[in-house]
Amino acid sequence: RLQGDWSSDVCSSDLSALVIIAVLVVGGYVFYQRHRAQKAGLLTENIVHQGNAWNADFIARIGAPQQQVFDTIKDVERAKSDQVKSVTILSQTDTEKTVEMQIAGPAGQTITTRLAFQYFPAEHRITYHTVDSGAFVTNAEYDLDDEGATTLMKFHETTTVSQQLPVPDGVVKQVIRGIFLAQLEGLQKALHLSTADNDTDSDEP
């Protein structure tokens, strides 16, 4: 048998093995993300890429009253989880707060971002935007609907990227989704909500 044919077979075999491993890794990560979403109370999500902007909409049900959820989101420095490494308050007033947040990103990287929050207690609404964000500019809003013992949280985010990213759209979506899940998990932890509480309210709104 020719050496070239044998080498070709070996390369093809190695490539097939790499493809299988990649599929397993991606599949495992997606399964992990779905499990995280279910535990955190995420009901629906929609992330759309249009030009240099990414629009994300999430709806989650939180097992706590509206005012308690609002106050906990307001105290963003308490919202720590396995994904949120640290939150440092840079400035604050009664209706505004600026923080620096460090979040675990893909491939072991740490994402550091500064966020300026604004609070609207009468409307049960909270907005925030990135500060000194460089290539990424994010504007987001939480709207909280009172359901008595639970709260329906609607979250909208628009992230504008100043330059083309050298990564697939799916990776950017996972980063956006992962950051929201990290915030949601931190909120659940700050509210001392158990997994069982979240699992009982898994229906669509």
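Source: prediction; values computed, not measured.

## Observations concerning the overall build of the protein chain
Moving on, step 1. Summing up its helical and strand segments, the protein chain has four helices and eight strands in all.
Moving on, step 2. Every one of the 205 residues in the protein chain was classed for burial, and the buried ones make up 36%.
Moving on, step 3. Taking the intrachain contacts of the protein chain between residues at least 6 apart in sequence as the baseline, contacts between residues at least 24 apart amount to 51%.
Moving on, step 4. Only carbon and sulfur atoms are counted for the fraction: they give 54% of the accessible area of the protein chain, which is about 11500 Å².

## Looking at the nonpolar core
Moving on, step 1. Membership of the largest hydrophobic core comes to 37 residues, with the highest contact counts inside it found for I62, V69, I73, F117, M153, L184 and L187.
Moving on, step 2. If one sorts the elements of this core by residue count, helix α3 (residues 169-190) sits on top with seven residues.
Moving on, step 3. Those residues in contact with M153 that lie beyond four places of it in its chain are F58, I59, A60, I62, I73, Y142, D143, L144, F180, L184 and L187.

## A closer look at helix α2 (residues 66-74)
Moving on, step 1. Considered for burial, the residues of α2 that qualify are Q66, V69, F70, T72 and I73. End-on, the buried residues of α2 take up no more than an arc of 165 degrees, which puts them together on one face.
Moving on, step 2. Buried residues belonging to α2 abut β2 (53-62), β5 (110-120), β6 (125-131), β7 (136-146), β8 (151-161) and α3.

## Topic: the pattern of salt bridges
Moving on, step 1. Throughout the structure, instances matching the rule amount to seven salt bridges.
Moving on, step 2. With a shortest N-O distance of 2.7 Å, R177 and E45 are connected by a salt bridge. Taken as a pair, R177 in helix α3 and E45 in strand β1 (residues 42-50) lie far apart in primary sequence, 132 residues in all.

## Some details on the environment of I47
Moving on, step 1. You can see I47 is positioned in strand β1.
Moving on, step 2. Classification of I47 by relative accessible area gives buried; the value is 12%.
Moving on, step 3. Considering only alpha carbons, one finds I47 and D57, 10 residues apart in sequence, at a separation of 6.5 Å.
Moving on, step 4. When residues no more than four places from it in sequence are discounted, the contact partners of I47 are W54, N55, A56, F58, K173, I176 and R177.

## Digging into the packing of aromatic side chains
By convention here, two paired aromatic rings are described through the distance between centres and the angle between planes.
Moving on, step 1. The final tally for this structure, using the stated rule, is eight aromatic pairs.
Moving on, step 2. A centroid spacing of 6.4 Å and a plane angle of 10 degrees characterise the contact between F117 and Y119, whose relative ring orientation is stacked. Neither residue differs from the other here; F117 and Y119 are each classed as buried.
Moving on, step 3. Relative to F155, the ring of Y128 lies with its centre 6.3 Å away and its plane at 35 degrees, an arrangement referred to as tilted. Of the two residues, Y128 sits in strand β6 while F155 sits in strand β8, which places them 27 residues apart along the sequence.

## Topic: the confidence of the model for the protein chain
Moving on, step 1. Residue-level pLDDT values for the protein chain average 76, and 67% of them are 70 or greater.
Moving on, step 2. Confidence, read as mean pLDDT per element, is least for helix α4 (residues 195-199) in the protein chain (43) and greatest for β6 (94).
Moving on, step 3. Note that residues 6-33 has pLDDT below 50 and, in this model, eight contacts with residues that lie over four places away or in other chains.
Moving on, step 4. Within the model, pLDDT remains below 50 along residues 195-205, and this stretch shows 20 contacts once partners closer than five positions in the same chain are excluded.

## A word on the sheet that holds β2
Moving on, step 1. Pairing is antiparallel across the open sheet formed by eight strands, whose spatial order is β1-β2-β8-β7-β6-β5-β4-β3. One side of each edge strand has no neighbouring strand; the edge strands of this open sheet are β1 and β3 (84-92). Between one strand axis and the next, the sheet turns by 20 degrees as a mean value, whatever way the strands run.
Moving on, step 2. Sheet strands in contact with α2 are β2, β4 (96-104), β5, β6, β7 and β8, and its direction is about 160 degrees off that of β7.

What counts and what doesn't
- Residues numbered from 1 in each chain as written.
- Predicted model: local features only at pLDDT ≥ 70, side-chain atom pairs only at ≥ 80, totals over all residues.
- Heavy atoms only, no water.
- Helix = DSSP H or I, 4+ residues; strand = E, 2+ residues; numbered from the N terminus.
- Buried < 20%, exposed > 50% of the residue type's maximum accessible area, 1.4 Å probe, protein only.
- Contact = heavy atoms within 4.5 Å.
- Areas by Shrake-Rupley, 256 points an atom, 1.4 Å probe, with all protein chains shown as cover.
- Core = buried A, V, L, I, M, F, W, Y, C linked by side-chain atoms within 4.5 Å.
- Arc of directions from axis to C-beta.
- Salt bridge = Lys/Arg side-chain N within 4 Å of Asp/Glu carboxyl O.
- Phe/Tyr/Trp six-rings, centres within 6.5 Å; stacked < 30°, edge-to-face > 60°.
- pLDDT = per-residue confidence, 0-100.
- Pairing = 2+ DSSP bridges.
- Axes fitted to C-alpha atoms, helices over the stretch in contact; angles between N-to-C directions.

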